[in-house]
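Now for the letters of each chain:
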Amino acid sequence: MAKRQKYYVVWRGIQPGIYLTWEECEHQVKGFPNPKYKAFDTEAEAMAAFADPDYPLENHTDEPSRHNESKIEVIKAVKDGNDTLINKAVSGGLQLNALAVDAACSGNPGMMEYQGVYVGTGQRIFHFGPVFGTNNIGEFLAIVHALAYMKKNNISMPIYSDSRNAMSWVKQKKCRTKLERNAKTEQLFQLIERAEKWLQDNPLSVPIIKWDKNLWGETPADFGRK
């Protein structure tokens, strides 16, 4: 009797998606902290579940898994052929099991957006914008977004940022922007207030590290608009 086809949904892993074999699924979740994944019997069920990030389940699947968060296992989880990134991790101290954040602004102030990516693969984890603001504000909000994302999903890993101002503001729990608050920036300032309140209510539980461009080049969260 032929083995029934299963569909493996990965919500939290190296590269979220729907996979047709356990081997493919395991490659995405092995070594990833607190992965979220499950097997389904039909493609329709899998697609519906994948579209729902709040799908109610514990971290489990129908197949056995063996998680190891050591540096070697994280390096093995990087996409095949990415020797440059692996070399940076081994010789330059870069941590692949981490989130990197960055912001981009068309003018300063101008239309701003930010994103966070998983360093090991460059997979985008979150994105926000565009909204009228400044680059420093975007960098600040990106770090807070990463912190809140990790708390919500019970993940713990370092955060890389290339903005000293944003890192300082996060540690002070206060966005020290000089941008004027007016009708055009009101939406942004509401986001800032929410971020500041989150920082007041939650301790900093993961390291926030300055991205070293001299050692590692551009951050993987860079928008590539320079």
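Higher on the page you've got the structure.
Everything numeric in this text was worked out from a predicted model, so none of it was measured.

Details of the sheet that holds strand S5 (residues 110–118)
Taken in spatial order, the five strands make up an open sheet running S6-S5-S4-S7-S8, and their pairing is mixed. Either end of the sheet is taken by a strand with one partner, and the two such strands are strand S6 (123–133) and strand S8 (208–210). When strand polarity is set aside, the average angle formed by the axes of neighbouring strands in this sheet is 25 degrees. Where strand S4 (residues 99–107) and strand S7 (residues 159–161) come together, two bridges link them in parallel fashion. Counted as the bridge partner of Ala100 is Tyr160 from S7.

Remarks on the pattern of salt bridges
Here the structure, examined in full by the defined rule, presents six salt bridges. The residue Glu186 makes a salt bridge to Arg181 at a minimum N-O spacing of 2.9 Å. Using a relative accessible area of 27% as the deciding quantity, one classes Glu186 as partly exposed. Close ionic contact of Glu193 with Arg181 constitutes a salt bridge, the shortest N to O distance being 2.6 Å. A residue pair is termed long-range when its members are at least 10 positions apart, and Glu193 in helix H7 (residues 186–201) and Arg181 in the loop between helix H6 (164–172) and H7 qualify at 12 residues.

Remarks on the nonpolar core
Proteins that are soluble and globular tend to have nonpolar side chains buried together. By size, the foremost hydrophobic cluster in this structure holds 36 residues, and its most contacted members are Phe140, Leu141, Ile143, Leu147, Val170 and Leu188. Among the elements of the structure, S4, S5, S6, helix H5 (135–152), H6 and H7 are those that each provide at least two residues to this core. For this core, the leading source of residues is H5, giving nine residues. When near neighbours in sequence (up to four residues on either side) are disregarded, Leu147 contacts Ile159, Val170, Trp198, Leu199, Leu204, Val206 and Ile208. Listed in part, the 10 residues of the second largest apolar core include Leu94, Val117, Trp211 and Ala221.

Description of unusual backbone geometry
Following Asn108, the chain continues into Pro109 via a peptide bond in cis, with omega recorded as 15 degrees. Structurally, Pro109 can be placed in the loop between S4 and S5. In this chain, Gly129 is followed by Pro130 through a cis amide linkage whose omega measures 5 degrees. Examined against the element boundaries, Pro130 turns out to sit in strand S6. Of note, the phi angle at Asn154 is positive, near 55 degrees, even though the residue is not glycine. Along the polypeptide, Asn154 turns up in the loop between H5 and S7.

Quick word on the packing of aromatic side chains
Across all of its chains, the model carries 11 aromatic pairs by this definition. Look at Phe32 and Tyr118: their rings are 5.0 Å apart centre to centre, the planes differ by 50 degrees, and that puts the pair in the tilted class. With Phe32 in the loop between helix H1 (22–29) and strand S3 (36–40) and Tyr118 in strand S5, this pair connects stretches of sequence that are 86 residues apart. Of the two residues, Phe32 and Tyr118, both sit in the buried class. Consider the rings of Phe140 and Trp169, whose centres lie 6.2 Å apart with planes at 65 degrees: the pair is edge-to-face. Highlighted residues: Phe140 in helix H5 and Trp169 in helix H6, separated in sequence by 29 residues. Taking relative accessible area as the criterion, Trp169 reaches 9% and is therefore assigned buried. Through a chain of ring-to-ring contacts, three or more aromatic side chains come together here, namely Tyr114, Phe126, Phe128 and Tyr149. The ring centre of Trp11 lies 5.5 Å from the NZ or CZ of Lys36, which sits over that ring.

Rules of the game
In every chain, residue numbers begin from 1 and rise along the written sequence. Reporting in this predicted model follows two pLDDT cut-offs: at least 70 for local features of residues, and 80 or more for side-chain atom pairs to be given and counted; totals over whole chains, interfaces and linings ignore these cut-offs and use all residues. Side-chain metrics in this entry use all non-hydrogen atoms of the structure; hydrogen atoms and water are not considered. Any two strands are treated as partners once DSSP identifies two or more bridges connecting them. The way it works is that DSSP assigns letters per residue, a run of H or I at least four long becomes a helix, a run of E at least two long becomes a strand, and they are numbered from the N terminus. Think of each axis as a best-fit line through the C-alpha atoms, taken over the contacting stretch in the case of a helix, with angles from 0 to 180 degrees between the N-to-C directions. Each salt bridge in this description consists of a side-chain nitrogen of Lys or Arg and a carboxyl oxygen of Asp or Glu lying within 4 Å of one another. Only protein chains enter the accessibility calculation, which uses a 1.4 Å probe; a residue is then buried when its area is under 20% of its type maximum, exposed when over 50%, and partly exposed in between. Among the buried residues, those of types Ala, Val, Leu, Ile, Met, Phe, Trp, Tyr and Cys that are joined through side-chain atoms within 4.5 Å form a nonpolar core. A contact between two residues is defined here by any heavy atoms of the two lying within 4.5 Å. Note on aromatic pairs: the rings of Phe, Tyr and Trp (six-membered ring only in Trp) are paired at centre separations within 6.5 Å, and the planes decide the class, stacked below 30 degrees, edge-to-face beyond 60, tilted for the rest. A ring is scored as having a charge over it whenever the NZ atom of a lysine or the CZ atom of an arginine sits within 6 Å of its centre and within 35 degrees of its normal.

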